[in-house]
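For reference, the chains in residue letters:
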Amino acid sequence: MSEHDQATHFGFKTVNESEKAQKVAEVFHSVAQKYDVMNDLMSGGLHRVWKFFTIETSGVKAGDKVLDIAGGTGDLSKAFAKKVGKTGQVWLTDINSSMLGVGRDRLMDQGFALPVAQCDAEKLPFPDNYFDLVSVAFGLRNMTHKDAALKEMHRVLKPGGRLLVLEFSKVWAPLKPAYDIYSFKLLPFMGKLVANDADSYQYLAESIRMHPDQETLKQMMLDAGFGRADFHNLTGGVVALHKGIKF
């Protein structure tokens, strides 16, 4: 197997790296139109609370430059745009054209004409030391080379800039049995019912289990060059908000 064709995870399956991006793309092309509805069902509306917490603790202010990676349907981009105002700048990016189209159209409908770019977080098309804040919500776990993506996020941040990673994480042990039933039985069932797509939601549940836990991701951020990293567990560790600061 060549260095360009290493094995990696797609949910619980092992696939070649060259296949993973395509398979993840298919999932998000499939779920794009129903993504917000499913998020509400999957989290009981809690994803809105988690995102609100992320924005309120971000420290974003008027005039800041913000990069929203894997911004999908544009929730965070819109909230950041309100905070940075006319003197600031918010870029909405996603690797998936279907998700990006939904996000761009929604923002335009709501009166937000933000710059939009389809790009890979592992190869960001932005200059060094450019952004005050980089955010990625529920996108890091789908990336093949998380370490490379974190290094790129570090590169485009100004010194003193902040990275926010909001992601599903390792749930508190007493909650795990109920959470497993929910993830592997109810979630694909809801995916079938609402989006006529059980497989994509099975993948989403599996991808959460394969994602690094809180301490591992914190260490990965430090390894990527961040001078400081810490995290807040939300909803018993169902999700965690990691923050990294570039020194």
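As the structure is a computational prediction, the values presented were derived from the model and not from experiment. (Residues numbered from 1 in each chain as written. Predicted model: local features only at pLDDT ≥ 70, side-chain atom pairs only at ≥ 80, totals over all residues. Heavy atoms only, no water.)

Trainee: How do you make sense of the packing of aromatic side chains when you look at a structure like this?
Mentor: Centre-to-centre distance and the angle between the planes together describe a pair of aromatic rings. Tallied over the full model, the rule gives nine aromatic pairs. Seen in terms of ring centroids, tryptophan 91 and phenylalanine 126 are 5.2 Å apart; in terms of plane orientation they differ by 70 degrees. Their pairing is edge-to-face. Here tryptophan 91 is found in strand S4 (residues 89–94), whereas its partner phenylalanine 126 is found in the loop between strand S5 (116–118) and strand S6 (131–137), with 35 residues between them in sequence. Classification of tryptophan 91 as partly exposed rests on a relative accessible area of 22%. Seen in terms of ring centroids, phenylalanine 138 and phenylalanine 168 are 4.9 Å apart; in terms of plane orientation they differ by 40 degrees. Their pairing is tilted. With phenylalanine 138 in the loop between S6 and helix H6 (146–156) and phenylalanine 168 in strand S7 (residues 157–168), this pair connects stretches of sequence that are 30 residues apart. Note on phenylalanine 138: relative accessible area 7%, which makes it buried. Judged by its relative accessible area of 11%, phenylalanine 168 falls in the buried class. Counting every residue linked through ring pairs, the aromatic cluster contains Trp91, Phe126, Tyr130 and Phe131. Over the aromatic face of phenylalanine 10 sits the side chain of lysine 23, whose NZ or CZ is 5.7 Å from the ring centroid. Above the plane of the ring of tyrosine 130 lies lysine 65, whose end atom (NZ or CZ) is 5.1 Å from the centre. (Phe/Tyr/Trp six-rings, centres within 6.5 Å; stacked < 30°, edge-to-face > 60°. Helix = DSSP H or I, 4+ residues; strand = E, 2+ residues; numbered from the N terminus. Buried < 20%, exposed > 50% of the residue type's maximum accessible area, 1.4 Å probe, protein only. Lys NZ or Arg CZ within 6 Å of the ring centre and 35° of its normal.)

Trainee: Please clarify how helix H9 (residues 214–223) should be interpreted in this entry.
Mentor: Residue pairs three or four apart in sequence face the same way in an α-helix, which turns once every 3.6 residues. Those residues of H9 that sit buried are Gln214, Leu217, Met220 and Met221. All buried residues of H9 lie within an arc of 125 degrees about the axis, which places them on one face of the element. Residues of H9 that are exposed and point more than 90 degrees away from the buried face comprise Glu215 and Asp223. Its buried side turned inward, H9 meets H6, S7, strand S8 (228–234) and strand S9 (239–245). Trailing H9 by a residue or two, glycine 225 shows a phi angle of about 115 degrees, which is positive. (Arc of directions from axis to C-beta. Contact = heavy atoms within 4.5 Å.)

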